[in-house]
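Architecture at a glance
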Amino acid sequence: MCHLLTIGISGGSGNPTDIFRAQGLHVEPAVNPHVRSAMPNGAVLLDVTDGGCSCSICVPSIADRAVDEEAARARYARKGWSAAKIARAIESKQAAHGRRKPSSRAQQFCLSVEALARSGSHIALISHFYDGRFAEEVVSVGARAQMSLQDFIVAVGAFPKDTLVTIR
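Residues numbered from 1 in each chain as written. Predicted model: local features only at pLDDT ≥ 70, side-chain atom pairs only at ≥ 80, totals over all residues. Heavy atoms only, no water.

Here we take up the overall build of the protein chain. Scanning the protein chain for helices and strands turns up 6 helices and 6 strands. When the helices and strands of the protein chain are read in sequence order from the N terminus, they spell out β-α-β-α-β-α-α-α-β-β-α-β. By the burial criterion, 39% of the 168 residues in the protein chain qualify as buried. Restricting to contacts in the protein chain with at least 6 residues of sequence separation, those with at least 24 account for 68%. (Helix = DSSP H or I, 4+ residues; strand = E, 2+ residues; numbered from the N terminus. Buried < 20%, exposed > 50% of the residue type's maximum accessible area, 1.4 Å probe, protein only. Contact = heavy atoms within 4.5 Å.)

Right under this line is the structure:
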């Protein structure tokens, strides 16, 4: 169905809603109770969207791309392709991916997170791919990770799904 990106913001100056809206993104109070309970206590919790979901904002993480590569290798092998032909196809896909421009919405999200962090805010993020309704689906957030603001920007906002990621 769709991705939904939820951000928790603590401290800092400035209005988070205004910061995201200045970048053309929409924010609403976070709706999923499971995601809300995984976020830091006392944080302002917002769902960040572009037209009702976060699909245009969410960038696949490196781990997600590795899974895609494995799936492509398996798909090509089922077609009877040789190992050399599979390697060339994967290399070609990776080269094409490297030439793609990052999503402008992902860049706008990064700019918003950077502005919040530079204003002194503590930031926590969760992204989940929903099969059902945003407010009703059971979301299991099992892992926790930290990223520096610089690493987040370099990754154009990519981070692991279903993981509470804090930006430091």
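Here the narrative resumes, following the displayed structure.
Moving on to the packing of aromatic side chains. One pass over the structure, following the stated rule, counts 4 aromatic pairs. Here F20 and F109 contribute two aromatic rings whose centre-to-centre distance is 6.0 Å and whose plane-to-plane angle is 20°, an arrangement assigned as stacked. On the criterion of sequence distance, the pair formed by F20 in helix α1 (residues 16-22) and F109 in helix α5 (residues 104-118) is long-range, its members being 89 residues apart. Comparing F20 with F109, the two get one shared label, buried. Residues Y76 and W81 carry aromatic rings whose centres are separated by 4.3 Å and whose planes lie at 0° to one another, so their mutual orientation is stacked. Relative accessible area serves as the criterion here: at 9%, Y76 is assigned to the buried category. Look at W81 and you get partly exposed, because its relative accessible area is 27%. (Phe/Tyr/Trp six-rings, centres within 6.5 Å; stacked < 30°, edge-to-face > 60°.)

So, about α5. Counted at 1.5 Å a residue, the expected span for α5 with its 15 residues is 21 Å, and the 21 Å between its end C-alpha atoms agrees. Listing the buried residues of α5 in full gives A106, Q108, F109, C110, S112, V113 and L116. Of the surrounding elements, those touching the buried residues of α5 are β1 (2-10), α1, β3 (44-49), β4 (122-130), α6 (149-154) and β6 (163-167). Positive phi shows up at G120, right after α5, with a value of about 100°. (Expected span 1.5 Å × (residues − 1).)

Here the focus is the pattern of salt bridges. If you walk through the whole model with that rule in mind, you get 2 salt bridges. Between R105 and D50 there is a salt bridge whose closest N-O contact spans 3.2 Å. Here R105, found in helix α5, pairs with D50, found in the loop between β3 and α3 (62-78); they are 55 residues apart in sequence, far enough to count as distant. In this structure D50 comes out as partly exposed when scored by relative accessible area, which is 22%. (Salt bridge = Lys/Arg side-chain N within 4 Å of Asp/Glu carboxyl O.)

Both trends apply: most residues other than glycine have a negative phi, and most peptide bonds are in trans. The residue V156 is not glycine, and still its phi comes out positive at about 50°. We classify V156 as buried; its relative accessible area is 18%. Unusually for a residue other than glycine, D162 sits at a positive phi of about 55°. Structurally, D162 can be placed in the loop between α6 and β6.

The analysis is restricted to geometry; functional conclusions fall outside its scope.
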